[in-house]
Amino acid sequence: MKHAFIIGARVISQLKGDKRFLALSLIAPLIIIYLLKILFDAIAPPPIPAIPGMMPMPIPTFSASKFILPVSAFIVHFLSFVLCAILLVQERTRGTLDRMLISGFRKISVISGYTIGYFGLATLQALLVITEAVYLFDFDFPFKTICILFLVIWLLAIVSVMLGIFISTFARHEGHVFPFIPLIILPSVFLTGILVDTDKLPVAADLAGYLFPLRYANNIIVTLQQNEYHFSDLWPNFLILFLYAVGLLFLASSTMKEKE
Amino acid sequence: MSNSVQIRSLNKSYGKFSVLKDVTLEVPEGSIFGLIGPNGAGKTTLIKAMVGALKINSGEISVLGKDPLKNSWELRRQIGYMPQSPSLYGDLSAKQNISFFGKAQKITNLEKEVDKILEFTELTGRANDPVRNFSGGMQKRVSLACALIHSPRIIFLDEPTAAVDPHLKQRSWELFKELSRKGVTIFVSTHLMDEALLCDKITILRQGQVLAVDTPQNFLARGKTRIRYEKNGQTHELISGSDTSSLAKEMQKIGLDANIAKIEIEQDNIENIVLQIVNRTEG
Ligand SMILES: Nc1ncnc2c1ncn2[C@@H]1O[C@H](COP(=O)(O)OP(=O)(O)O)[C@@H](O)[C@H]1O
Ligand SMILES: [Mg+2]
């Protein structure tokens, strides 16, 4: 465990020293959410002028809030995955991964170290994204809901870090990370209920959607936006996300190449 | 004297491509052992196999009496490895790099050890600069320091002097000699044939095969001496062995003739000899 903290401290110092990287991972999500705000404002229907003597007609409105939080979660998911995968591929190509392992660090320490290193960044990302979304879209959530929201986005970020480490095993250089984006990350936009309700998907696509961790995060976020929710609706999804993190941890440590 | 490394009939291939073919060699304890071969000979692969970073297809490797794959955890305390590429964190200083890799093992008084190793590798003056600003040769030096921080009994150096300027290169060899005097076994690979003379024993590797193992002196003895002289406007050439007595014998044949205008004596250097061995078996 001490080794994990040593590696974590090194990752944090690298992240702190790389201003462009920090800016990308913190400012990019904020910009994207702001752009979404503009988009949603533009496509929202104009308010219907009230006709005197008549009750205002309830019209089916396009609800931006329904999309914005899952999309925020997706952005954090995507960025954590890509950035972590690239950082780890760099360790591989520069030979520092080999050197760590031959010096006496264990694979599990390397992965835990990266998770610890990303812990801070993921926390910041989750906080910033939620704060901006709540502010821009005037969400009126109770404090409890915001806390759970934070927890789910943060947990998703950790899963993404593990996924990034796992995927980095299959990359010989940074460029190899990119094919995995359309393969793993983009389908999750369509298959996990972020843009399209899962019950409107063909059966096969719906089933495939269960493979993506984003689905469970989305389930939680959707539930949180209902007026009333029970913890019993949330915890199975939390459990699955947690299992994803643990499963990927083991998967990543068993595939991380120590011996060719 | 016992052997620090013992390799028997080692084979390694990537798919159908055979990189190491039936390699057998012994590295005497405390020696400077050179692995010489052109690019692509399999030097890096062989070193990786010895430090336990590679699975082999068949054969036996024993490093300090242990199997590098099965006993990798015990061995890590006793072996040092300097990879071919610097393998450092560019954003960290020389000192931070060394102490980071040092922390992988329980080293008592790590900070003091780091200072000691910085001094040994003559890096003290630039200890706190980020290594991304270092020249290639200086990065190799930091890399060497990282490999030495835990005072290993044997150290594997993969082309430590490739693309290093002549001055640093000479200093590097002085460091290796000093380590060797302290009893550390040094296994060093190089594609520079002239470095052979600096080793106690050398192995010539080509296309994954060991072509020859011997001391540099014995390799030199395999060389020839060419004596060219001009007599009455004609050039003659005699060839003798490399040792002085056979040279003297040849010289006697010429005698001290007043008609000899010019004598040239050319001895094979280690570079020629090694290249001849490498080329002879080619094709
Ligand atoms: N991971 C690998 N996969 C396939 N071929 C490899 C791999 N590593 C090395 N090789 C091949 O093995 C041969 C020996 O490589 P290497 O040990 O790096 O040689 P050297 O260090 O002597 O230059 C080369 O032809 C190289 O292309
Ligand atoms: Mg090599």
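Reading guide: rules and limits
- Residues numbered from 1 in each chain as written.
- Chains lettered and ligands numbered in written order.
- Predicted model: local features only at pLDDT ≥ 70, side-chain atom pairs only at ≥ 80, totals over all residues.
- Heavy atoms only, no water.
- Domains from an automatic or database assignment.
- Pairing = 2+ DSSP bridges.
- Helix = DSSP H or I, 4+ residues; strand = E, 2+ residues; numbered from the N terminus.
- Axes fitted to C-alpha atoms, helices over the stretch in contact; angles between N-to-C directions.
- Donors = N, O, S within 2.8 Å, 3.2 Å for Na, K, Ca; no water.
- Buried < 20%, exposed > 50% of the residue type's maximum accessible area, 1.4 Å probe, protein only.
- Near = heavy atom within 4 Å.
- Polar contact = N/O pair within 3.5 Å; in protein donor to acceptor, adjacent residues only side chain to side chain.
- Areas by Shrake-Rupley, 256 points an atom, 1.4 Å probe, with all protein chains shown as cover.
- Core = buried A, V, L, I, M, F, W, Y, C linked by side-chain atoms within 4.5 Å.
- Patch = residues over 30% accessible without salt bridge, like charges linked within 9 Å, V, L, I, M, F, W, Y side chains within 5 Å.
- Salt bridge = Lys/Arg side-chain N within 4 Å of Asp/Glu carboxyl O.
- Contact = heavy atoms within 4.5 Å.
- Buried area = accessible area lost by both parts, 1.4 Å probe.
- Nonpolar A, V, L, I, M, F, W, Y, C, P; charged D, E, K, R; others polar.

1. Observations concerning the domain arrangement of chain B
Thinking step 1. Considered domain by domain, chain B is made up of domain 1 (3-219) and domain 2 (224-267).
Thinking step 2. A separation of 43 Å is found between the C-alpha centroids of domain 1 of chain B and domain 2 of chain B.

2. Description of the sheet that holds strand E10 (residues 224-231) of chain B
All names here are of chain B.
Thinking step 1. Read from one edge of the open sheet, three strands run E11-E10-E12, paired in antiparallel fashion. Edge strands, defined here as strands with exactly one partner in the open sheet, are strand E11 (234-241) and strand E12 (260-267). Strand after strand, the sheet turns through a mean of 15° between neighbouring axes, direction not considered.
Thinking step 2. Bridge count between E10 and E12: seven bridges; the pairing is antiparallel. Paired with Arg228 across the strands is Glu264, a residue of E12.

3. Re the coordination of the magnesium ion (ligand 2)
All names here are of chain B.
Thinking step 1. The magnesium ion (ligand 2) binds to the protein through Thr44 (OG1) and Gln84 (OE1); the donor distances cover 2.0 to 2.2 Å. One end of the pair, Thr44, is in helix H1 (residues 43-50); the other, Gln84, is in the loop between strand E5 (79-82) and helix H3 (94-102), with 40 residues separating them in the sequence.
Thinking step 2. Exposure remark for Gln84: the relative accessible area of 36% places this residue in the partly exposed category.

4. As for the site of ligand 1
Thinking step 1. Around ligand 1, a shell composed of twelve residues is seen, among which Gly40(B), Gly42(B), Lys43(B), Thr44(B) and Thr45(B) lie nearest.
Thinking step 2. Around ligand 1, the nearby residues trace back to chains A and B.
Thinking step 3. Gly40(B) places a polar main-chain atom, nitrogen or oxygen, 2.7 Å from an oxygen atom of ligand 1.
Thinking step 4. Within the backbone of Ala41(B), a nitrogen or oxygen atom sits 3.2 Å from an oxygen atom of ligand 1.
Thinking step 5. Here ligand 1, which alone exposes 560 Å², has 65% of that area covered by the protein.
Thinking step 6. Secondary structure elements with two or more residues in the shell around ligand 1: strand E2 (17-28) and H1 of chain B.
Thinking step 7. Considering every element that reaches the shell around ligand 1, the biggest residue donor is H1(B), with three residues.

5. Notes on the nonpolar core
Thinking step 1. Grouped together as the largest cluster of nonpolar side chains are 135 residues, with contacts concentrated most on Ile68(A), Met100(A), Ile165(A), Leu241(A), Ile98(B), Val142(B) and Ile186(B).
Thinking step 2. No other element matches helix H3 (residues 64-94) of chain A, which puts 18 residues into this core.
Thinking step 3. By size, the runner-up hydrophobic cluster in this structure holds 29 residues, among which are Ala41(B), Met50(B), Ile61(B) and Tyr81(B).

6. A look at a nonpolar patch on the surface
All names here are of chain A.
Thinking step 1. Residues Phe231, Trp235, Leu239, Phe242, Leu243, Val246 and Phe250 make up a contiguous nonpolar surface patch of roughly 730 Å² in combined accessible area.
Thinking step 2. Structurally, the position occupied by Phe231 is in helix H10 (residues 231-255).
Thinking step 3. For Phe231, a relative accessible area of 56% gives the class exposed.

7. Some words on the interface of chain B and chain A
Thinking step 1. Contacts between the two partners involve 30 residues from chain B and, on the opposite side, 22 residues from chain A.
Thinking step 2. Together, the buried faces of chain B and chain A total about 2300 Å²; carbon and sulfur atoms form 57% of this surface.
Thinking step 3. Per-residue buried area on chain B facing chain A is highest for Trp73(B), Tyr89(B) and Phe100(B); these three make up 25% of the total on that side.
Thinking step 4. In this structure, the connection of chain B to chain A is made through zero salt bridges.
Thinking step 5. Our count for the contact surface shared by chain B and chain A stands at nine residue pairs in polar contact (both at pLDDT 80 or more).
Thinking step 6. Taken together, the elements giving at least two residues each to the side of chain B that touches chain A come down to strand E1 (3-14), helix H2 (72-75), E5, H3 and helix H5 (136-148) of chain B.
Thinking step 7. Taken together, the residues that form the side of chain B that touches chain A break down as 18 nonpolar, six polar and six charged.

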